[in-house]
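A closer look at the structure
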Amino acid sequence: MGWRVRRAGRGDAGALARLRWLFRAEMGQASEPLADFVVRAEGWMEPRLASGGHWMAWLVVDDDGGPVGCGWLQLIEKVPNPGPEEELHGYVTSLFVVPELRGGGAGAALLSAVLDACREAEVDSVILWPTSRSRSLYERFGFRDGGEVMVLRLGTGRALP
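Because the structure is predicted, anything quoted here is derived from the model rather than measured. (Residues numbered from 1 in each chain as written. Predicted model: local features only at pLDDT ≥ 70, side-chain atom pairs only at ≥ 80, totals over all residues. Heavy atoms only, no water.)

**Comments concerning the pattern of salt bridges**
Across all of its chains, the model carries eight salt bridges by this definition. For D145, the salt bridge is made with R135, and the minimal N-O distance between the two is 3.1 Å. A residue pair is termed long-range when its members are at least 10 positions apart, and D145 in the segment after helix 4 (135-140) and R135 in helix 4 qualify at ten residues. For D145, a relative accessible area of 66% gives the class exposed. Exposure remark for R135: the relative accessible area of 32% places this residue in the partly exposed category. It is possible to trace a salt-bridge network through shared partners that takes in E26, R102 and R133. (Salt bridge = Lys/Arg side-chain N within 4 Å of Asp/Glu carboxyl O. Helix = DSSP H or I, 4+ residues; strand = E, 2+ residues; numbered from the N terminus. Buried < 20%, exposed > 50% of the residue type's maximum accessible area, 1.4 Å probe, protein only.)

**Re the confidence of the model for the protein chain**
Mean pLDDT over the protein chain works out to 92, with 96% of the residues at or above the 70 mark. The secondary structure element of the protein chain with the lowest average pLDDT is strand 5 (residues 125-127), at 94, and the one with the highest is strand 2 (residues 55-62), at 98. (pLDDT = per-residue confidence, 0-100.)

**Some remarks on the packing of helix 1 (residues 13-26) against helix 2 (residues 34-48)**
The angle between the axes and the distance between the axes are what describe a pair of packed helices. For the pair helix 1 and helix 2, interaxial distance at closest approach is 8 Å and the crossing angle is 125°. As the angle between them shows, helix 1 and helix 2 are arranged oblique. Judged by the twist between their axes, the crossing of helix 1 over helix 2 is right-handed. Where helix 1 approaches helix 2, its residues A13, G14, L16, A17, R18, R20 and W21 are matched on the opposing element by L34, F37, V38, A41, E42, M45 and E46. The residue makeup of the contact of helix 1 with helix 2, split by class, is nine nonpolar, one polar and four charged. (Axes fitted to C-alpha atoms, helices over the stretch in contact; angles between N-to-C directions. Parallel < 35°, antiparallel > 145°, perpendicular 65-115°, else oblique. Left-handed = near helix turned anticlockwise from the far one by under 90°. Contact = heavy atoms within 4.5 Å. Nonpolar A, V, L, I, M, F, W, Y, C, P; charged D, E, K, R; others polar.)

**Here we look at the environment of A13**
Along the chain, A13 falls in helix 1. Along the chain, A13 and L88 lie 75 residues apart, while their C-alpha atoms are 25 Å from each other.

**Describing the layout of surface pockets**
The space that makes up the second largest pocket amounts to roughly 620 Å³. In terms of lining residues, the second largest pocket is bounded by 21 residues, among which V126, L128, F143, R144 and G146 are the most central. Secondary structure elements with two or more residues in the lining of the second largest pocket: helix 3 (106-120), strand 5 and helix 4. Across the lining of the second largest pocket, the residue classes tally to eleven nonpolar, four polar and six charged. (1 Å grid on protein atoms, 1.4 Å probe; cavity = no way out; pocket = protein on both sides within 12 Å on 5 of 7 lines; lining within 4 Å. Points joined across faces, edges and corners; volume = space filled by probe spheres on them.)

Structural data, given as structure tokens:
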């Protein structure tokens, strides 16, 4: 196989930051230099990867333990419901596998790990924003265009300090 999926921890923040930069660079959306981004992103990622938080991440690592893919999950609390509906949403983001491993099952294994965590947490619905390339993977797992979510984009496109 040449790779395996494992849960990421605080010590993986640097690897996750580099993979995040590669993911966005591949889409033409990385204007911040890699070194600067890694420093900034590590500072954000480390505390969020502490156990018991609402953020979780997974890594795909090659036979040498090198990072070749990742995926993130945020558990989002819902306002309590008086009925049987679960009270968490799952937000999947930054699911990425290096180009040379695409089509070999790593992305599917990564998404399976993320969805297993959602099931374990009793998540009601899982949301994500697919790329055109990733859409078929998500559809194979049962994701569909919801037609229910409305979006108002307020972002200015500037990076936060």
